[in-house]
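# Coordinate inspection notes
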Amino acid sequence: MKLAAGPPSASLGASVAQKLRVETIGVTYKRFPDGETYVRLEGGTKGDELILVQSFCSPQAENLMVLLQMASAAVGLGVSSLAAVVPYLAYSRQDKRFLPGEALSAELVARNLEACGITKIFIIEPHSEESLSFFSIPCYTVSPVEDTAEFLRSRGDCVVVAPDEKRIPDAKNLAARLSADFGWIQKSRDRSTGSVKAEIGNVPKTSRVAVLFDDMISSGGTVVKAAELLRSAGFERIEAGCVHGLFAHEAEQRMTEAGVSFIFASDTIESKFTRYSVARSVAESVKKELL
Ligand code: R5P
């Protein structure tokens, strides 16, 4: 078995390969002057069992295209099996037609990944079950909750807060591993304007530190609203983290101004906020399903 990681996942891919004790093959990537991407796999041969690792961080459409190109290259080499690890599956929030006339983007992504020859896929912390329902190939979800807990364990006591009711199971699971309490914020989003409304659901005040934990942080709007509520509720320190740190536009500034004093994310998307790796969970899942 061999592993090839695309440009945004080079470091995560190398860690996963090391844990699995499999050989890595290089990926040559460049952009033509007009913007088109070029990909070449260096070193794969006919009959290889290959795992591709490629996150769909920004620029999402381009990184999706690069994975399609990596898969096409692998098929051209004559690999005997082709699996993909997608650390961050972009477009997964568009898993429904919320308003008439919208595209079902999550379905489009799944169809394209299958069409290019990938036969098994691993997704880390998918946004929703719906976004995975569009895959007809085996699709394995990787939970990085233990990686997150291990990182937070070293930081002292806290209350884990879900910034949205949908994230209660994650916050509860994380809190249990930390032997901490958990709470939640009730959030609603205007589908047309994207503006967020929030109010405290239930947050026990059993620590001076509140850690907001979401699957992803994009504009930071969700965290900002939640942080304002937690400050009013009397928490002295507010930290915010996620698995997938998109951190678009002025997210850092907005969160800092709202009183967030520490921001963290995993390496499904590498950034200056990456503080822990999901490599161990990915390697365990790949080992269980493929080796
Ligand atoms: C939404 O359902 C997600 O779980 C996140 O809460 C959301 O995508 C975060 O986005 P933003 O940082 O732009 O509020």
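As the structure is a prediction and not an experimental result, all values here were calculated from the model. (Residues numbered from 1 in each chain as written. Predicted model: local features only at pLDDT ≥ 70, side-chain atom pairs only at ≥ 80, totals over all residues. Heavy atoms only, no water.)

### Details of the sheet that holds strand β5 (residues 49–53)
- Reading across the sheet, the six strands line up as β2-β1-β5-β6-β7-β8 and stay open at both edges, with parallel pairing between neighbours. Sheet topology places β2 (23–24) and β8 (139–142) at the edges, where each strand pairs with a single neighbour.
- In terms of strand pairing, strand β1 (residues 2–5) meets β2 through two bridges, oriented parallel. Counterpart to Leu-3 in the pairing with β2 is Thr-24. (Pairing = 2+ DSSP bridges. Helix = DSSP H or I, 4+ residues; strand = E, 2+ residues; numbered from the N terminus.)

### Regarding the sheet that holds strand β12 (residues 209–217)
- On the basis of which strands lie adjacent, the open sheet formed by seven strands has the order β11-β10-β9-β12-β13-β14-β15 and mixed pairing. Only two strands of the sheet have a single partner each, and these edge strands are β11 (196–202) and β15 (274–276). Across this sheet, the average inter-strand angle for adjacent strands is 30°, counted without regard to direction.
- Note that strand β9 (residues 159–162) and strand β10 (residues 181–189) share four bridges and pair parallel. Among the inter-strand pairings, Val-161 is bridged to a residue of β10, identified as Gly-183. (Axes fitted to C-alpha atoms, helices over the stretch in contact; angles between N-to-C directions.)

### With respect to a positive patch on the surface
- A contiguous patch of positive charge on the surface is contributed by Arg-93, Lys-166, Arg-189 and Arg-191.
- Within the element layout of this structure, Arg-191 appears in the loop between β10 and β11.
- You can call Arg-191 partly exposed: its relative accessible area is 44%. (Patch = residues over 30% accessible without salt bridge, like charges linked within 9 Å, V, L, I, M, F, W, Y side chains within 5 Å. Areas by Shrake-Rupley, 256 points an atom, 1.4 Å probe, with all protein chains shown as cover. Salt bridge = Lys/Arg side-chain N within 4 Å of Asp/Glu carboxyl O. Lys, Arg positive; Asp, Glu negative; His and termini not counted. Charge placed at Lys NZ, Arg CZ, Asp CG, Glu CD. Buried < 20%, exposed > 50% of the residue type's maximum accessible area, 1.4 Å probe, protein only.)

### Let's talk about the packing of helix α1 (residues 10–20) against helix α9 (residues 279–290)
- Two numbers describe how α1 lies on α9: the axes approach to 9 Å, and their chain directions differ by 50°. One element, α1, and the other, α9, form an angle in the oblique class. The two elements α1 and α9 meet at a crossing, and its hand is right-handed. In this structure, α1 uses Leu-12, Ser-15, Val-16, Lys-19 and Leu-20 to contact α9, whose residues at the interface are Ala-279, Arg-280, Val-282, Ala-283, Val-286 and Lys-287.
- Its residues assigned to classes, the contact of α1 with α9 shows seven nonpolar, one polar and three charged. (Parallel < 35°, antiparallel > 145°, perpendicular 65-115°, else oblique. Left-handed = near helix turned anticlockwise from the far one by under 90°. Contact = heavy atoms within 4.5 Å. Nonpolar A, V, L, I, M, F, W, Y, C, P; charged D, E, K, R; others polar.)

### Structural notes on the side chain of Thr-268
- Tracing the backbone through its elements, the reader meets Thr-268 in the loop between β14 (260–266) and β15.
- Residue classification places Thr-268 among the buried residues on the basis of a relative accessible area of 1%.

### Notes on the pattern of salt bridges
- With the rule as written, the count across this model stands at 18 salt bridges.
- Ionic pairing is found between Glu-150 and Arg-280, a salt bridge with its closest N-O pair at 3.1 Å. Pair noted here: Glu-150 is in helix α5 (residues 145–153) and Arg-280 is in helix α9, with a separation of 130 residues, a long-range link.
- On the accessibility criterion, Arg-280 (32% relative accessible area) is partly exposed.
- Lys-288 is paired through a salt bridge with Glu-289; the nearest N and O atoms lie 3.6 Å apart.
- A relative accessible area of 67% places Lys-288 in the exposed class.
- Residue Glu-289 is classed as partly exposed on the basis of its relative accessible area, which comes to 28%.

### Structural notes on unusual backbone geometry
- Along the chain, Ser-58 connects to Pro-59 via a cis peptide bond; the corresponding omega equals 0°.
- Note that Pro-59 resides in the loop between β5 and α2 (60–77).
- Even without being glycine, Arg-21 reaches a positive phi, approximately 55°.
- Among the structural elements, Arg-21 can be located in the loop between α1 and β2.
- Classification of Arg-21 by relative accessible area gives exposed; the value is 77%.
- Positive phi values are uncommon outside glycine, yet Glu-125 reaches one of about 40°.

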